[in-house]
Amino acid sequence: MPADIEVRGPQVVLAGRGVSKSFLGVPALRDVDFDLRAGEVHALMGENGAGKSTLMKIFSGVYPDYEGEVSVDGRPVRFASVREAQAAGVAIIHQELNLVPELNVAENIFLGREPLIGGLLVNRRKAIAEATALLGRLGIALDPEARINTLRVGEQQLVEIARALSVSARILIMDEPTSALSPAECRRLFSIIRQLADAGVAIIYISHRIEEVMLLADSVTVLRDGSHVVTAPIASFTQESIIAAMVGRASLGTAPAAPDAGGPVVLSVRDLTLDAATRKGWRRMLHGVSFDVRAGEILGIGGLLGSGRTEILETLFGSTTGRRGGEIRIDGAPVSVGSPRDARRLRLALVTEDRKAKGLHLEASISDNVALPSLARLARFGVRSFAGEARIGQRAVDELGVRCTGIAQPAGTLSGGNQQKVVIGKWLATEPRVLLLDEPTRGIDVGAKQEIYDLVFRLAREGLAIVLVSSELPELLLLADRILVMSEGRQQGVLDRAEASEEAIMRLAAPRARGAHAPKAA
Amino acid sequence: MLRLLSQTKLYWGLALIFLIGVLTSPVSSKGNNIFLSYGNLLDVLRQVSITGLIATGMTAVILTAGIDLSVGSLMAICSVVCAMLLTMPGWTPSAVMGVPAFALVAFIVVAALVRFVFHNRAKLRAAADGAAADVALDATRGVVLPAVAGLVAAAAALAFVLPQVSQTFGLWGVLLVVPCVGLMFGAINGIIIVAGRLQPFIVTLAMMVTALGVARLTAGQNNAVIPVYTGSNATADFDVLRSLVFDFFPVPGLFFIAAVAIYGAVLRFTPFGRYVYAIGGNEEAARLSGIDVGRVKIVTYAVSGMLAGIAGLLFVAQYRQGKPDAGSGLELDAIAAVVIGGTSLMGGRGALVGTFCGVLIFGLLSNLLQLHNINSNLQLVLKGLIIVGTVLVQERNLGELLSNLRLSVRRPAPKEPADQWPPSTESPSRQLGGSANGTS
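Model, not experiment: these values are computed from the prediction.

Chemist: Describe in detail the overall build of chain B, supporting the description with residues and values.
Modeler: If you tally the helices and strands in chain B, you get 16 helices and four strands. By the burial criterion, 44% of the 440 residues in chain B qualify as buried. The long-range share in chain B, meaning contacts at least 24 apart out of those at least 6 apart in sequence, stands at 78%.

Chemist: Help me get a handle on the domain arrangement of chain A, residues and values and all.
Modeler: Per the domain assignment, the segments making up chain A are domain 1 (12-247), domain 2 (263-347 + 432-512) and domain 3 (356-431). Its C-alpha centre places domain 1 of chain A at a distance of 34 Å from the equivalent point of domain 3 of chain A.

Chemist: Summarise the environment of B:S73; cite the residues concerned and give the values.
Modeler: All names here are of chain B. Along the polypeptide, S73 turns up in helix α4 (residues 71-87). Taking the C-beta count within 10 Å as the criterion, S73 has 28 such neighbours and is therefore assigned buried. It is 7.7 Å that separates the C-alpha atoms of S73 and P324, two residues lying 251 residues apart in sequence. Sequence-distant contacts of S73, that is, excluding residues within four places in its chain, are made with M208, A211, L212, A215 and G327.

Chemist: Which residues make up the sheet that holds strand β9 (residues 171-175) of chain A, and what values do they have?
Modeler: All names here are of chain A. The sheet built from six strands is open, its strands ordered β6-β9-β10-β3-β11-β12 with mixed pairing. The open sheet is flanked by β6 (90-93) and β12 (227-233), the only strands paired with a single partner. Here the average twist between neighbouring strands, direction ignored, is 15°. The pairing of strand β3 (residues 41-45) with strand β11 (residues 219-224) spans four bridges and is parallel. Paired with A43 across the strands is V220, a residue of β11. Together, β3, β9 and β10 (202-206) form the strand contacts of helix α6 (residues 183-198), whose direction differs from that of β10 by roughly 145°.

Chemist: So what's going on with the packing of α4(B) against helix α5 (residues 93-129) of chain B? Which residues, and what values?
Modeler: Residue and element names in this part refer to chain B. Contact geometry of α4 with α5 gives a least axis separation of 9 Å together with a crossing angle of 105°. Between α4 and α5, the angle falls in the class roughly perpendicular. Residues V80, V81, M84 and L85 of α4 lie in contact with α5, whose contacting residues are S94, A95, M97 and G98. Its residues assigned to classes, the contact of α4 with α5 comprises six nonpolar, two polar and no charged.

Chemist: With reference to specific residues and values, describe the packing of helix α9 (residues 251-269) of chain B against helix α14 (residues 352-371) of chain B.
Modeler: Residue and element names in this part refer to chain B. Across the interface, α9 lies against α14 with an axial gap of 9 Å and an inter-helix angle of 150°. In terms of their interaxial angle, α9 and α14 are classed as roughly antiparallel. Residue-level contacts link V260, Y263, G264 and L267 of α9 to L352, V353 and F356 of α14. Taken together, the residues that form the contact of α9 with α14 break down as six nonpolar, one polar and no charged.

Chemist: So, helix α16 (residues 446-461) of chain A: which residues are in play, and what are the values?
Modeler: If you check α16(A), its first and last C-alpha atoms are 23 Å apart, about what 16 residues at 1.5 Å a residue would give, namely 22 Å. Check the buried side of α16(A) and you find it contacts α8 (239-247), β15 (298-302), α15 (416-428), β19 (434-438), β20 (465-469) and α17 (473-479) of chain A.

Chemist: Quick rundown of the confidence of the model for chain B? Include the residues and the values.
Modeler: Residue and element names in this part refer to chain B. Chain-level statistics for chain B give a pLDDT mean of 83 and a share of 86% at 70 or above. Low pLDDT, under 50, characterises residues 407-440; the stretch is placed with 39 contacts to residues that sit more than four places away or in other chains. On the interface metric, ipTM, the complex scores 0.77, and its pTM is 0.76.

Chemist: Kindly report on the nonpolar core, identifying the contributing residues and their values.
Modeler: Proteins that are soluble and globular tend to have nonpolar side chains buried together. Of all hydrophobic cores here, the largest spans 197 residues; its most connected members are A:L436, A:I466, B:I54, B:M75, B:I77 and B:V181. A domain-level breakdown of this core finds at least three residues from each of domain 2 (263-347 + 432-512) and domain 3 (356-431) of chain A. Ignoring any residue separated from it by four or fewer positions in sequence, one finds B:M75 in contact with B:I54, B:A308, B:A311, B:G312, B:F315, B:A326, B:G327 and B:L330. In terms of nonpolar packing, the next biggest core, distinct from the first, is built from 72 residues, A:A43, A:L55, A:V77 and A:F237 among them.

Chemist: Can you explain the environment of B:V299? Please cite residues and give values.
Modeler: Residues and elements named next belong to chain B. Tracing the chain through its elements places V299 in helix α12 (residues 293-319). Owing to 21 C-beta atoms within 10 Å, V299 belongs among the buried residues under this scheme. Here the alpha-carbon distance between V299 and G186, two residues 113 residues apart in the chain, equals 8.5 Å.

Cut-offs applied
Residues numbered from 1 in each chain as written. Chains lettered and ligands numbered in written order. Predicted model: local features only at pLDDT ≥ 70, side-chain atom pairs only at ≥ 80, totals over all residues. Helix = DSSP H or I, 4+ residues; strand = E, 2+ residues; numbered from the N terminus. Buried ≥ 20, exposed ≤ 12 C-beta atoms within 10 Å, placed from the backbone. Contact = placed C-beta atoms within 7 Å. Domains from an automatic or database assignment. Pairing = 2+ DSSP bridges. Axes fitted to C-alpha atoms, helices over the stretch in contact; angles between N-to-C directions. Parallel < 35°, antiparallel > 145°, perpendicular 65-115°, else oblique. Nonpolar A, V, L, I, M, F, W, Y, C, P; charged D, E, K, R; others polar. Expected span 1.5 Å × (residues − 1). pLDDT = per-residue confidence, 0-100. Core = buried A, V, L, I, M, F, W, Y, C linked by C-beta atoms within 7 Å.

Given below as structure tokens:
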């Protein structure tokens, strides 16, 4: 290809022209143009499956096989590998962290590029010194000799950023960096991003959190269904107009009329405790949690990451290995839930937070995934009922609106929102009485989120008792009839719809100042 | 079209080996193609059936993302037990192992069967009522009646084998008892892996060593082999296991094909089979779906041991001896056949049909090399090369391979500052298709 790309001014550091890419004949990107200028924070928005990640993977050399042209500093390039992209100054920080937990901060930063003595031995001292300098330059207060697995997720995220910048990246792509961060950690990250942009680094920032983008970005590009919708400075957008561009409709529906929560108590929990086994003996994770959930009611559980929210669900579902205490009653009868099998028999259902690691067999088809917990029930004299499995698979696809080519499509090829629907469908097929939802909309785009909300409301109306864990306060406030707030394994209070607000929840959720648990000042 | 080709590449491999065999085979004095003769092909089937049985059990274990290294030693134990039961009367170590194992297995199998029947009847009734939840059995049907049935079965089993202990065992005696010994050892593998939450590799490695020792101890210090002379020191019936059905089809081959057919159907048509795949695909998701992951795993290891036991029977019939060192290296042949058959060592992907083809590919290949009188050491080298080659074709397509090689050659990372990128001779000449590009 001759260099026929016109140079669009010295400012544009990374450009894509007519970029297209399809997987197995399904187009993921259609003819997308994209310009990134030095020193700007450019937010890339779109629903799951809109093509954001695909575009970023092309820019960063993960997919060498695409149509259209990419240029860096006006020179056409075609990255055949991540390494080539790095050498051209493009670094990407993936949503999933890619650190070696057993190594320390400095070793991770220089992994694969260790400073050497005589070309053979690792120069440990130099690595530490360079890491210290790098962290200092970025204003990150971290010990370069701290092992990664002793750091919190937010701190690990900062290590990823330091690593990306250590290869003198001029173009930094960040894929949902804040999805696991606390508000304080987010603020610290934003100030670092701002600082980088001021120093001339061009940043592509992918996020589903619109407030965040409004706060941080200089300009916004919206993709929808693999096509470019709009690119404009942030000032010309409102939250609503971004959403409208993403979903292609004017506004989101919100909560329907308050669902009737006057049913009988289905799930009753008293003094639930959990002790996790550690090397130093038992460590108490839950200190006596008590609540009731009625049929048709949605109980929200709020709190910071690590406050014991997920542990409540896992203890109820019997999927934790720790020592359990307290009493669980279903329909007034005390039950013991020793394993997920017991839980399923008692018609409890748990939709886990991490759907890839804990929810799906990614290589298997939609119907195989949906039917998994129901196989034994469907089988007749030990023979699988393929018709029955196809039926409940199809029902899940139809009722939940899973967008797919058919129930035979492998679950791993679906977008995040649709994968989540498959996991929910798998549990609805068991006809549960109590539905436990752990971060049901994590990493899901706005449109799919609304569909999940509608679904949760519908299930509550149909008489399910629902327990919902979420980090997103607006989501809790929208969905939950009552909100139980956890902090450090302790139940801090239960808020009614009337008294619940973001401030009220945060007040209860904040850890009691005891030094060790308070977030470090930046 | 290309997809169809790549989905069926296993069969193409089998056909290719077959074709090479036909074309290069030596010709007998009468002008017949030796490779293609019925006698030769059925002989191949006879030769592969021991490895084949073991590979069949191994397939399910590997599908759960496990591995069973102990199968060779388990086959050896079972060959020793079988030979001793056939030739030595009284409470030999083999009888001490075999009789309780048989009674226990009879108890468990019949109890589980009765419970299964009750459970399915209850399910049919519940389905008629339109209820969707799992049915639960009451104590009578769920525990008491199965236990009683199991005890009856165990008593019947003892009544059947105890008289044989004082003399020597008959055909049916060993046919029933020996697989149970293998099954018990396999179940121990599974129980340790599940209860101890240990790596299958290390547990079955330990069992491989232990079982070899047990096999030698059972045989006794002075018995490197225990000869079995059917008709003189053992029952003549036992020769059935090495004979031909209808003077045509070798009995060991029949065992192998039956095992593939039955286990294949179980993996395809039962919930258990689906659980095997689900556990290999995502064990945590399977557990959270309410599947008894531990039980499924234990069963796969137990069946693997049982099939090793049957292989031990066939070994004794074939070579007229029980031998504590019989199974060394067999586990690796079996794993190779499974992997050639396209089953992923990571679990969750593969099928028994593939293993069947893998075993046949292996068998035809050995046969071919023998027909050509190729040096046996050279045969090992060729086999090794063919394993690697076949697996490469199974797992990767050619373009992918080439691009990997290209990348590893280019490994040294450019250390120049980013500004100097790209070197002017590079990228502009690139064409579509990352795998097909030559860069330099």
